[in-house]
Amino acid sequence: MTVPLSTKKVVVIGAGAAGLVAARELIKEGHDVVVFDRGAQLGGNWVYSDEVECDPLGFDPTRKIVDSSLYASLRTNTPREAMGFRDFPFVPTGKADRDSRRFPSHHEVRKYLEDFASEFGLNELISYETEVRYVGLETDGKWMVKSTSVGGDESSEVAQTYDAVVVCNGHFTQPQVADNIAGFDLWPGRQIHSHNYRIPEPYKDQVVVVIGLSSSAVDISREIALSAKEVHVTTRSKAAGKLGKFGKHHIFDNLWLHPMIERAHEDGRVSFQDGSSVLADVILHCTGYKQHFPFLHTNGVVNVDDNRVGPLYKHVFPPSLAPGISFIGVPSLILSFFVYELQSKWVAGVLSGRISLPSEEKMMEDVEAFYSKLEAKGVPKRYTHKIHDVKQLSWSLEYEDWLAAQCGCPLAEEWRKAIFFGRLVHAHKEPETYRDEWDDQDLVFQAYEDFMQYLN
Ligand code: FAD
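Residues numbered from 1 in each chain as written. Predicted model: local features only at pLDDT ≥ 70, side-chain atom pairs only at ≥ 80, totals over all residues.

In this structure, what is going on with the sheet that holds strand β2 (residues 32–36)? I would like to understand it.
Pairing in this open sheet of 5 strands is parallel, and the strands run β3-β2-β1-β7-β22 from one edge to the other. Bordering the open sheet on either side are β3 (126–127) and β22 (325–327), each of which pairs with just one other strand. Bridge count between β2 and β3: 2 bridges; the pairing is parallel. Each residue of the ladder has a partner; that of Val 35, found in β3, is Ile 126. Relative to β2, helix α1 (residues 17–28) is tilted by about 170°, and along the sheet it contacts β1 (9–13), β2 and β7 (164–167). (Pairing = 2+ DSSP bridges. Helix = DSSP H or I, 4+ residues; strand = E, 2+ residues; numbered from the N terminus. Contact = placed C-beta atoms within 7 Å. Axes fitted to C-alpha atoms, helices over the stretch in contact; angles between N-to-C directions.)

Okay, structure coming up:
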């Protein structure tokens with residue numbers, strides 16, 4: 001006997017890449033969907049803004065939040081073929097206002113997301129400038145969601161109940177700052193988080209210390225080095241022997257790599273763990289972001305502890321609250337849009353009853369086994385959601401393939417896998433040139449052959 005599928009009234013929080021694909025999958029599955037976003041347009045992080053926050057380190061909880069963390073010159077760090085949603089390939093459109101490069105600028109990604117929303121009729125589902133302030137479970141099993149118009153006071157609050165909430169609020173907005181370094185409080189220079197970095201001009205002729213070696217840190221340190229007096233990058237992830245001047249093409253003679261900061265001094269010096277020090281004007285924290293759900297009231301069931309959001313079964317469902325609340329986009333170091341698409345298919349199918357979840361106990365056991373595995377490998381809690389950390393899991397799209405299997409859809413294409421991992425290696429080895437020089441044309445060809453089934 002076939003079990004009839006059920007239609008749920010679902011609210012999606014956020015209209016970035018995750019929220020858009022979640023909405024698309026939910027309506028495809030027959031659910032009744034609304035999307036709330038506090039921004040004025042769709043695209044989330046991909047809506048570039050010149051605006052920066054008044055507190056450059058993001059400590060002040062009352063500050064006006066700027067959602068985007070993009071800098072003006074940003075180009076994607078992932079090739080477009082691997083970055084797009086599976087059935088809506090991110091291919092050049094040939095239109096005059098578009099960027100056809102393989103690693104295009106951020107405008108192109110926003111445009112792609114706009115095209116995606118138009119193609120699947122998502123625009124009419126979205127309520128803009130609507131900020132969700134409260135999400136909590138009612139005694140009847142429904143979810144209460146309270147929202148206000150942006151800038152509005154309590155009197156503009158609207159409270160509505162839903163069968164399910166899909167949280168897609170992103171995790172690239174709340175700065176994670178290296179604030180445990182001795183002497184930071186009294187250090188007289190300027191400190192800023194990369195969330196508030198836009199252009200290099202303010203750093204001209206300055207001595208800048210950049211903390212971190214992520215994708216953003218690599219881009220920003222090189223961009224600043226073109227006009228700054230000196231740039232000193234500090235990282236905890238390099239072996240001591242490899243420190244020193246860096247940059248394969250030796251374009252820069254003012255860019256240095258150091259171990260971690262030992263101390264910041266009241267006279268403006270910053271000293272490193274190798275005993276060297278510099279007199280610096282600015283410390284730029286490229287230290288990532290915090291998972292942050294200020295609207296969530298689950299009586300402590302879902303917590304963020306050292307950036308671990310938990311407990312979440314397969315990074316999506318809190319076992320004791322599933323399937324009424326789910327999280328799309330918590331993992332990092334992934335093929336983001338592709339993972340959001342698979343997670344969304346899973347959530348939509350579980351909500352309709354087409355896909356079953358294990359019992360709460362089994363899901364909890366799975367989460368605990370996962371945590372134990374991380375612990376045994378010495379992976380810090382804060383890296384729980386870094387799915388493809390080389391040290392953490394095998395060099396495969398195991399998580400993506402697991403999701404695909406749940407949803408009954410094809411596994412990740414071999415070309416997508418190879419392009420993703422190839423890009424990670426290439427970007428590491430050739431940070432200045434990986435976006436414009438590559439040798440995986442055969443994989444690109446395979447990708448475009450595959451795209452033919454979706455393009456008309
Ligand atoms: P977001 O895009 O942040 O969207 C979340 C949305 O939720 C926002 O619109 C926000 O306004 C809304 N929201 C938040 N809170 C509320 C609330 N309380 N009420 C209502 N609405 C709310 N990924 C790649 O694949 N390739 C790249 O090249 C790449 N480069 C990146 C570069 C930088 C500098 C950064 C920071 C990230 C980059 N990423 C990249 C990751 C990228 O952010 C993800 O690809 C993706 O855009 C995240 O989508 P999201 O929907 O999860 O979050």
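We are not done yet, so read on.
Mind showing me how you'd approach the sheet that holds strand β14 (residues 261–264) here?
Strand pairing in a sheet relies on backbone hydrogen bonds, with the paired strands running either antiparallel or parallel. Sheet architecture is open: 3 strands sit in the order β14-β15-β16, paired in antiparallel fashion. Pairing within the sheet leaves two strands with one partner each, and these edge strands are β14 and β16 (277–279). Each strand of the sheet is rotated relative to its neighbour by a mean of 20°, with strand direction disregarded.

Even after reading the chapter, I still don't get the nonpolar core, so can you show me in this structure?
A general feature of soluble globular proteins is that nonpolar side chains tend to end up buried together. Counting 76 residues, the largest nonpolar core has Val 12, Leu 20, Ala 22, Val 165 and Val 166 as the members making the most contacts within it. If you tally residues by element for this core, the top one is helix α5 (residues 336–352), at 10 residues. If we ignore the near neighbours within four places in the chain, the residues touching Val 166 are Val 10, Val 12, Ala 22, Ser 326, Ile 328 and Val 347. (Core = buried A, V, L, I, M, F, W, Y, C linked by C-beta atoms within 7 Å. Buried ≥ 20, exposed ≤ 12 C-beta atoms within 10 Å, placed from the backbone.)

How do you make sense of the packing of helix α8 (residues 414–429) against helix α9 (residues 441–451) when you look at a structure like this?
α9 packs onto α8 with a crossing angle of 140° between their chain directions and a minimal axis gap of 9 Å. The way α8 lies across α9 gives a crossing that is left-handed. Contacts between α8 and α9 involve Trp 415, Ala 418 and Ile 419 on the former and, on the latter, Leu 443, Gln 446 and Ala 447. Its residues assigned to classes, the contact of α8 with α9 comprises 5 nonpolar, 1 polar and no charged. (Left-handed = near helix turned anticlockwise from the far one by under 90°. Nonpolar A, V, L, I, M, F, W, Y, C, P; charged D, E, K, R; others polar.)

Looking at this model, I keep getting lost on the environment of Val 167. Mind explaining?
Secondary-structure assignment places Val 167 in strand β7. Judged by local crowding, Val 167 falls into the buried class, with 26 C-beta atoms found within 10 Å. Note: C-alpha distance between Val 167 and Gly 329 (162 residues apart in sequence) is 8.6 Å. Discounting chain neighbours no more than four positions away, the residues touching Val 167 are Ile 13, Phe 293, Ile 325, Ser 326 and Phe 327.

How should I be thinking about the site of the ligand in this particular structure?
Neighbouring the ligand are 32 residues, the closest being Gly 14, Gly 16, Gly 44, Gly 170 and Gly 329. Broken down by element, the shell around the ligand gets its largest block of residues, 3 residues, from α1. Residue composition of the shell around the ligand, by class: 13 nonpolar, 15 polar and 4 charged. (Near = placed C-beta within 6 Å.)

Explanation requested: unusual backbone geometry in the structure shown.
For residues other than glycine, phi is negative in most cases, and the peptide bonds are mostly trans. The omega torsion of the bond from Gly 310 to Pro 311 falls at 0°, within 30 degrees of zero and hence cis. Relative to the helices and strands, Pro 311 resides in the loop between β21 (308–310) and β22. For the bond from Ala 322 to Pro 323, the omega torsion is 0°, close enough to zero to count as cis. The residue Pro 323 is located in the loop between β21 and β22 in this model. Its identity is not glycine, yet Asp 205 carries a phi of approximately 65°, on the positive side.

For this particular structure, what's the right way to read the pairing of strand β15 (residues 269–272)?
Working note: regular strand, side chains alternate between the two faces of the sheet. Along β15, the buried face is formed by Val 270 and Phe 272; none of Arg 269 and Ser 271, which line the opposite face, is buried. Of the pairings in the sheet, the one linking β14 to β15 comprises 3 bridges and is antiparallel in character. In the sheet register, Arg 263 faces β15, and the bridge partner there is Ser 271. Counting the residues in the hairpin turn of β14 and β15 gives 4 residues, including Gly 268, whose phi is positive at 100°. Relative to β16, β15 runs antiparallel, the two sharing 3 bridges.

Sorry, what's going on with the domain arrangement of the protein chain here?
Once the domains are mapped, the protein chain shows domain 1 (9–174 + 289–414) and domain 2 (184–285). Between domain 1 and domain 2, the contact holds 12 residues from the first and 13 residues from the second. Its residues assigned to classes, the side of domain 1 that touches domain 2 shows 5 nonpolar, 5 polar and 2 charged. (Domains from an automatic or database assignment.)

When you look at the packing of α1 against α5 in this model, what are you seeing that I'm missing?
In helix packing, the relevant descriptors are the interaxial angle and the interaxial distance, both defined with respect to the helix axes. Orientation of α1 relative to α5, taken along the N-to-C sense of each, is 35°, at an axis distance of 8 Å. Classified by chirality, the crossing of α5 by α1 is right-handed. Where α1 abuts α5, its residues Ala 17, Ala 18, Val 21, Ala 22, Glu 25, Leu 26 and Lys 28 lie against Ser 336, Phe 337, Tyr 340, Glu 341, Ser 344, Lys 345, Val 347 and Ala 348. Classifying every residue of the contact of α1 with α5 by side-chain character gives 9 nonpolar, 2 polar and 4 charged.

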